[in-house]
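Reading the structure
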Amino acid sequence: MLRIAGTLCAGLLLATAVSAGELRAQVSAGGRPLADAVVVASAEAPPATTQAGTKTSTIIIDQVNKEFIPYVLPVEAGTSVNFPNRDNIRHHVYSFSPAKQFELPLYIGDPAAPVLFDKPGVVVLGCNIHDWMIAYVYVSDSPYYARTGADGTATLPTLPAGRYTVRVWHPRLDGSEAATAKQLAVPAQGTVETAWEITLKPDFRIPRAPIPGQGGY
Amino acid sequence: MTGRFFSSTWNPLLRPFAGAPAAGGESAAGQPRSRSLARAVAHKMIVFVALLLIVSQMVVFLAIDRAVSANTLTSIRKELAVGERIFHRVLKERSEQLITAARVLTSDFAFRQAIATADQATMTSALNNHGSRIGADKMVLVSPDGHVMAAAGSLDNILLHGLANNFADLVADAAQSGTASAIRLCGGEPCQVVVVPVLAPAPIGWVVLGFGIDAPLAAELGALTALDVSFATWRRTSGWELAASTLQGAQFERLRRSLGKTLPTVVLAELAAETAEEHVTSPAALTIGNDHAVLAVLQRSMTEALARFASLRAILLGLAALSLGATIIGSLIIARSISRPVTALVEFAQRLEAGQYDQGPPAGGSDELGQLANAFNNMRLAISAREQQIKAMAYHDSLTGLPNRALFNDRLHQAIGVAKRLNHPVSVMLIDLNRFKEVNDTLGHHVGDMLLREVAVRLRGVLARASDTAARLGGDEFAVLLPTAGSSVAEDMAQRLRRALMQPVVIEDRQLDVEGSIGVATFPRHGQDPNVLMSHADAAMYFAKRKRLPCAVYEPSHEAEMDGSESLAMASELRRAVEHDELLLHYQPRLDLRSGEALHAEAMVRWQHPQRGFLSPSEFIPFAERTDCIHQVTRWVVENAFAQVSRWRKEGFPVKLSVNLSVRDLLASDLTNYLRQALREHSVSARWFTLEITESAIMDDPEHTLDTVKQLKSMGFALSLDDFGSGYSSLAMIKKLPVSEIKIDQSFVAKMDSDKGDLAIVRSVIDLAHNMNLEVVAEGVESEQALELLQELQCDHAQGYHIGMPQSASQFEQWIRQRPAPAVPRRISA
Ligand SMILES: [Cu+2]
């Protein structure tokens, strides 16, 4: 299911290069674990080595049953994302977000080329045919990020020891992402835990158009 | 004495019957009054019924009107409530439609793309373009964080700058629930504002669209709600304004005025409380802020609603008028149907009053009026029958059944009236029976009555024609009216009458010869006037009697003879009679009921006339009284009476005599001297004589007569009041008179045993006389029963045929001698 193998790969690579600690973040909203939140850690002193080579790998966002999967996809800037259409109908994927504006006009199957997300920021994806289809690509400028699961926990496994600014973002985050920033130190070995309790804006999702014979989304 | 029975004047009692036409005239004048009374009753009834109906109709009308008004008001309020619901529903639906439209708009990819990616000018342009597509007047793009990103449409700058405040709440609302809509004031104009997100697909902004609330919308809403729809706006700065309204003209102005300058909340309350004169108003606040407000004013026109009932009202009024008219006509008919029979009855009653009994009452039904008419009719018949009876009694002689003097006069009048018009003669005959008095005196009244009846039968038998009338005028005087006969016909008729009368009459085995003297007078030759005609017939009749003719037609000389030469002739004849002793005295005995003796007699003069035969006093005394002849007659009577008493006394008969004095005797100044002298000459005592005077004698000159009578009394004469009861003597007069006895008129005594009234009179006279110490002599005693009755009544003396006839002196002597010894008087034995 998870198609984030690339990200995990990068972490493993880093872990082998330097000594690293683990950051485990717990995100909740209204006291309940919040899924699809992106936790990003930025090193105060960026590492000297660049990891441009790793950015060649392609990540995909599927369109299945007229939904984007995953709903939230954190990527490092410079990552290309492919939008394969698994449905037997056409989709028209677009984004007006300043971080990446693009349009994949009506297509079936794999689009001609993947989309490169080269600027950090949040890119909101929509389908011009199906208003309710929405997905977020979080383009991170830091290579350290993770997405919370259903338990609200995100784990950044191999962080080089050092001081980090960690932030959390969520599509419905009330307030700015910057406001969630925390300073913390990651030891060479062991796990640092942190937690956010954030407030959410109302869910502004457009209901699915009903399909004859099916109900709801 | 018979004269008092037939007065020549009209009997006033008969006038009502004779005067019937006059009474009819009066009733004719009285009729309109009763008609107007009936009409007045009808009018009153109509007025009453009409008023009642008007009042009831009015009540009904008012009730219905009020109910209609109330109903109208209620239904208007209902309509208003329904309209209000529709109004809000429509507004809501409209906002939903607008939202949908706006969402469709904002879903447009190009639009979203333009909004999301393009510059300000492009954004504004796209906004304007797309907003116009769905008819928005004002378009604003607001960023998710509340900044105005672009604006289009009729928006001024001031507004634009205030937009954030103006729509912030709406945007916040939309952020919560996806969309928002409200009615707002945009640049002074009321707008329906919708807020929809621009999704890409997360919200990248809010589009605020304003749709003007304008006259077309008001009209559409008005048509949908069937109400008058107005939108009023208020701004603190500029006050109230009527933005859009279906009202027009004066109504528009009125609503605008009623908005006034007060605050929206106050206006709301005022409008809601507005009395329903022309409109029922329901205001609704579409939005109220501190400095602005939009009101919807829904109104239902009262007049318009009531107009629907105007036709109903007209129908009601029409029905009321119709029923009123019908009622009035019906009442008129009913009133007339009631008043007509009443009027007819009234007219009938007036006819009764007028004495017209021939016509019955109007035919009535079986109702009360019919019964009344029946009762009236019975009354009419009864009155008619009674009147016939009275008429018969008043117009007919009870003894003979012939018409009496009144009816005769009536018919004479009529006959002369007719004769005057038709110019033909009318003849009257007067018939006087000769020597009837003698029959009466000698044979008794019942024989006389039978004789009169027989005469009547014969008269009737002779008169052939129905128009000829035979009448008994009184006593033995008859008259015949021949309405179309001239003198010669009348004379012929007179001859036939005379022949008829000459047939001997047999009464109680006695054969009586009846003779009559007939006088004829003819209109117009002998007189124009009925009374004159009658007196001329009378004169002719007397002429015939004197000349012993069967019949005489009037000539003027008859009267002259009567008044002058005839009386003189009579006087000279009487004088001769006195001188030649043609007079003689008869004596009628009278019975002393106490002692049973009959030693008193009344001296009665008779005239053995050489030509006419035996004349009773009534046949010549009246003549004598007209002249001084009566003195000679009286003196002859006195001389002879005195002489006779003197003779009888000498012979041993202690007889007393009554002597009649006439009026003239009493008035003569030398009466007392003469009597004194006579008493002396004949050597008789005044005590042996009773002087009889009549009531009328006293009445003529009461003082002088009274004087004379007193002197006579003082001389020793007994005085007797003759014919008591026939005249007019007052009790006071009797009291003054020094009489010692009264003689009850024979007319009472004769019928005493058959007539209770007469009996009562006799009884009272006797009682009265006894109370005044007077003795009573009953004349005309003709039967044993009468005598016995008189004895029972304690009468003192009795005189009459039953006791003794007037007879000559020798016969009287003989009568006394033959008379058995007086029986023991009953009264003493009793
Ligand atoms: Cu699609």
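Just above, that's the structure.
Every value quoted in this text rests on a predicted model; they were computed, and no experiment measured them. (Residues numbered from 1 in each chain as written. Chains lettered and ligands numbered in written order. Predicted model: local features only at pLDDT ≥ 70, side-chain atom pairs only at ≥ 80, totals over all residues. Heavy atoms only, no water.)

Focus: the overall build of chain B
Stated precisely, the cut-off is as follows: Secondary structure is summarised from DSSP: a helix means a run of H or I of at least four residues, a strand means a run of E of at least two, and numbering begins at the N terminus for each. For the exposure calls, accessible area comes from a 1.4 Å probe over protein chains only, and a residue counts as buried if that area is under 20% of its type's maximum, exposed if over 50%, partly exposed in between. It only takes one pair of heavy atoms within 4.5 Å for two residues to be counted as in contact. A 1.4 Å probe and the Shrake-Rupley method give the accessible areas. Residues count as covered only by the protein chains that appear here.
For chain B, the helix and strand inventory stands at 28 helices and 25 strands. Across the 830 residues in chain B, those meeting the buried criterion constitute 48%. Once local pairs closer than 6 in sequence are excluded, the contacts in chain B between residues at least 24 apart make up 64%. Carbon and sulfur atoms provide 55% of the accessible area of chain B, an area that totals close to 39,900 Å².

Details of helix α9 (residues 302–353) of chain B
Since the α-helix turns once every 3.6 residues, residues separated by three or four places project in the same direction. Residue and element names in this part refer to chain B. We apply this condition: Multiplying 1.5 Å by the residue count of a helix minus one yields the expected span of that helix. Bend, at a single residue, is the angle you get between axes fitted to the 7 residues ending at that residue and the 7 residues starting at it.
If you check α9, its first and last C-alpha atoms are 71 Å apart, about what 52 residues at 1.5 Å a residue would give, namely 76 Å. Of all the bends in α9, the greatest, near 40°, is centred on Arg308. Positioned one or two residues after α9, Gly355 has a phi angle of 85°, which is positive.

With respect to the coordination of the copper ion
Octahedral metals with six donors have ideal donor angles of 90 or 180 degrees. Tetrahedral metals with four donors have an ideal donor angle of 109.5 degrees. Residue and element names in this part refer to chain A. Convention followed: Donor selection uses N, O and S atoms within 2.8 Å of the metal (3.2 Å for Na, K and Ca). Since no water is included, sites may look incomplete.
The protein atoms donating to the copper ion are His91 (ND1), Cys127 (SG) and His130 (ND1), with metal-donor distances spanning 1.9 to 2.3 Å. Written as a sequence motif, the donor residues of the copper ion are H-x35-C-x2-H. On the criterion of sequence distance, the pair formed by His91 in strand β9 (residues 91–95) and His130 in the loop between β12 (121–127) and β13 (134–140) is long-range, its members being 39 residues apart.

A word on the nonpolar core
All names here are of chain B. The condition that has to hold: By nonpolar core we mean a set of buried residues, namely Ala, Val, Leu, Ile, Met, Phe, Trp, Tyr and Cys, connected to one another through side-chain atoms within 4.5 Å.
Of all hydrophobic cores here, the largest spans 80 residues; its most connected members are Leu675, Leu712, Phe717 and Leu790. In terms of residues, this core owes the most to one element, helix α18 (residues 629–651), which gives 10 residues. When residues no more than four places from it in sequence are discounted, the contact partners of Leu712 are Leu661, Leu666, Leu671, Thr672, Leu675, Leu691, Phe717 and Leu719.

Observations regarding the sheet that holds strand β3 (residues 180–186) of chain B
Residues and elements named next belong to chain B. The test is simple: What makes two strands pair is DSSP finding at least two bridges between them. Angles run from 0 to 180 degrees between N-to-C directions of axes, and those axes are lines fitted to C-alpha atoms, restricted for helices to the stretch in contact.
Spatial strand order, β2-β1-β5-β4-β3: 5 strands in an open sheet with antiparallel pairing. A single partner strand is all that each edge strand has here, and the edge strands are β2 (148–153) and β3. Shown here is a sheet whose adjacent strand axes are inclined to one another by a mean of 20°, direction ignored. One ladder, built from 9 bridges, connects strand β4 (residues 189–199) with strand β5 (residues 203–212); its direction is antiparallel. Paired with Val194 across the strands is Leu209, a residue of β5. Lying over the sheet, helix α4 (residues 120–133) contacts β1 (138–142), β2 and β5, oriented at roughly 45° with respect to β2.

As for the interface of chain B and chain A
Operational definition: Note on terms: buried area is the combined drop in 1.4 Å-probe accessible area of two parts once they are placed together, counting the loss on both. Counted as salt bridges are all cases of a side-chain nitrogen of Lys or Arg within 4 Å of a carboxyl oxygen of Asp or Glu.
Taken together, the 17 residues of chain B in the interface contact 16 residues of chain A. In terms of surface lost to chain A, no three residues of chain B exceed Phe109, Arg112 and Pro201 of chain B, which account for 41% of the buried area on that side. The interface formed by chain B and chain A holds 1 salt bridge in total. Two residues, Arg112 of chain B and Asp131 of chain A, come together in a salt bridge whose shortest N-O distance is 4.0 Å.

Observations concerning the environment of Val659 of chain B
All names here are of chain B. Mapped onto the elements of the fold, Val659 is located in strand β20 (residues 656–660). Each C-alpha atom of the pair Val659 and Ala601 lies 9.1 Å from the other, and the pair is 58 residues apart in sequence. Those residues in contact with Val659 that lie beyond four places of it in its chain are Val637, Val638, Ala641, Phe689, Thr690, Leu691 and Glu692.

Looking at the packing of α18 of chain B against helix α20 (residues 671–682) of chain B
Residue and element names in this part refer to chain B. Selection rule: Note on terminology: angles under 35 degrees are roughly parallel, angles over 145 are roughly antiparallel, angles of 65 to 115 are roughly perpendicular, and the others are oblique. For any pair of crossing helices, the crossing counts as left-handed if the nearer helix is rotated counterclockwise from the farther one by less than a right angle, and right-handed if it is rotated clockwise.
Orientation of α18 relative to α20, taken along the N-to-C sense of each, is 30°, at an axis distance of 9 Å. In this view, α18 runs roughly parallel relative to α20, as classed from their interaxial angle. Along this stretch, α18 crosses α20, giving a crossing that reads as right-handed. Contact with α18, carried on its side by Arg635, Val638, Glu639, Phe642, Ala643 and Ser646, involves Tyr674, Leu675, Ala678, Leu679, Glu681 and His682 of α20 and no other residues of that element.

Observations regarding a nonpolar patch on the surface
So the rule is basically this: Like charges within 9 Å and nonpolar side chains (Val, Leu, Ile, Met, Phe, Trp, Tyr) within 5 Å are joined into patches, using only residues over 30% in relative accessible area that form no salt bridge.
A cluster of nonpolar residues, Val47, Leu51, Ile54, Met58 and Leu62 of chain B, forms a patch on the protein surface that exposes about 460 Å² of accessible area. The residue Leu51 of chain B is located in helix α2 (residues 20–107) in this model.

A short note on the packing of aromatic side chains
Test applied: Aromatic rings from Phe, Tyr and Trp, taking only the six-membered ring of Trp, are treated as a pair when their centres fall within 6.5 Å; an angle between ring planes under 30 degrees marks them as stacked, one over 60 as edge-to-face, and anything in between as tilted. When the NZ atom of lysine or the CZ atom of arginine is within 6 Å of a ring's centre and also within 35 degrees of its normal, the charge is said to sit over that ring.
Overall, the coordinates contain 18 aromatic pairs over all chains when judged by the stated rule. Of the aromatic side chains, those joined through ring pairs into one cluster are Tyr71, Tyr136, Tyr138 and Trp169 of chain A. Stacked on the ring of Trp196 of chain A, the Lys or Arg Lys182 of chain A has its end atom at 4.3 Å from the ring centre. Sitting over the face of the ring of Tyr674 of chain B, Arg635 of chain B holds its NZ or CZ atom 4.5 Å from the ring centroid.

Concerning the sheet that holds strand β6 (residues 228–235) of chain B
Strands belonging to one sheet form pairs held by backbone hydrogen bonds; the direction of such a pair is parallel or antiparallel. Residues and elements named next belong to chain B. With respect to topology, 4 strands assemble into an open sheet ordered β7-β6-β9-β8, the strand pairing being antiparallel. Whereas interior strands pair on both sides, the edge strands pair on one side only; in this sheet they are β7 (239–245) and β8 (279–288). Strand after strand, the sheet turns through a mean of 25° between neighbouring axes, direction not considered. Pairing of β8 with strand β9 (residues 292–301) involves 9 bridges; the strand directions are antiparallel. Bridge assignment links Val280 to a residue of β9, and that residue is Arg300. Along the sheet, α9 contacts β8 and β9; its crossing angle with β9, the most-contacted strand, is approximately 15°.

A few points about the pairing of strand β1 (residues 20–29) of chain A
Residue and element names in this part refer to chain A. In terms of burial, β1 is a largely internal element, 7 of the 10 residues being buried. With 6 bridges joining them, β1 and strand β15 (residues 153–160) adopt antiparallel strand pairing. Within β15, the position partnered with Gln26 by the bridge is Thr153. Taken together, the 8 bridges between β1 and strand β18 (residues 191–198) define a ladder with parallel strand orientation. The residue bridging Leu23 from the neighbouring strand is Val192, located in β18. Bridge analysis of β1 against strand β2 (residues 32–33) gives 2 bridges, and the strand direction is antiparallel. Bridge pairing in β2 places Ser28 opposite Pro33.

Here we look at the side chain of Ser720 of chain B
Residues and elements named next belong to chain B. In plain terms, the rule: The definition of a polar contact used here is a pair of N or O atoms within 3.5 Å, where within protein one atom must be able to donate a hydrogen and the other to accept one, and adjacent residues in sequence count solely through side-chain atom pairs.
With respect to the secondary-structure elements, Ser720 resides in strand β22 (residues 718–724). The exposure class assigned to Ser720 is buried, which follows from its relative accessible area of 0%. Looking at Ser720, its side chain comes within polar contact range of the side chain of Glu741, at 2.9 Å. Once you skip the residues sitting within four places of it in the chain, Ser720 turns out to touch Thr690, Leu691, Glu692, Ile693, Val739, Glu741 and Lys743.

Remarks on the packing of helix α13 (residues 445–462) of chain B against helix α14 (residues 487–502) of chain B
When two helices pack together, their arrangement is given by the angle between their axes and by how far apart the axes lie. All names here are of chain B. Stated formally: Throughout this entry, Asp, Glu, Lys and Arg are counted as charged residues, while Ala, Val, Leu, Ile, Met, Phe, Trp, Tyr, Cys and Pro are counted as nonpolar. The remaining residues, Gly among them, count as polar.
Where α13 contacts α14, the axes come no closer than 9 Å and their chain directions differ by 140°. Overall, the two elements α13 and α14 adopt an arrangement that is oblique. Our pair here, α13 against α14, has a crossing hand that is right-handed. Counting all contacts with α13, which are made through Val455, Arg458, Leu459 and Val462, the residues of α14 involved are Met493, Arg496, Leu497, Ala500 and Leu501. For the contact of α13 with α14, the class distribution of residues is 7 nonpolar, no polar and 2 charged.

Remarks on the pattern of salt bridges
A complete count under the given rule lists 23 salt bridges over all chains for this structure. We note a salt bridge from Glu193 of chain A to Arg24 of chain A, for which the minimum N-O separation is 3.8 Å. With Glu193 of chain A in strand β18 and Arg24 of chain A in strand β1, this pair connects stretches of sequence that are 169 residues apart. Accessibility expressed as a relative area gives 58% for Glu193 of chain A, which makes it exposed. Here Glu779 of chain B ties to Lys743 of chain B by a salt bridge, and the two come within 3.7 Å at their closest N and O atoms. Here Lys743 of chain B lies in strand β23 (residues 741–744) and Glu779 of chain B lies in the loop between β24 (775–778) and α26 (784–792), a separation of 36 residues in the sequence. The exposure class of Lys743 of chain B is buried, given its relative accessible area of 0%. One salt-bridge network, held together by shared partners, links Glu602, Glu692, Lys743 and Glu779 of chain B.

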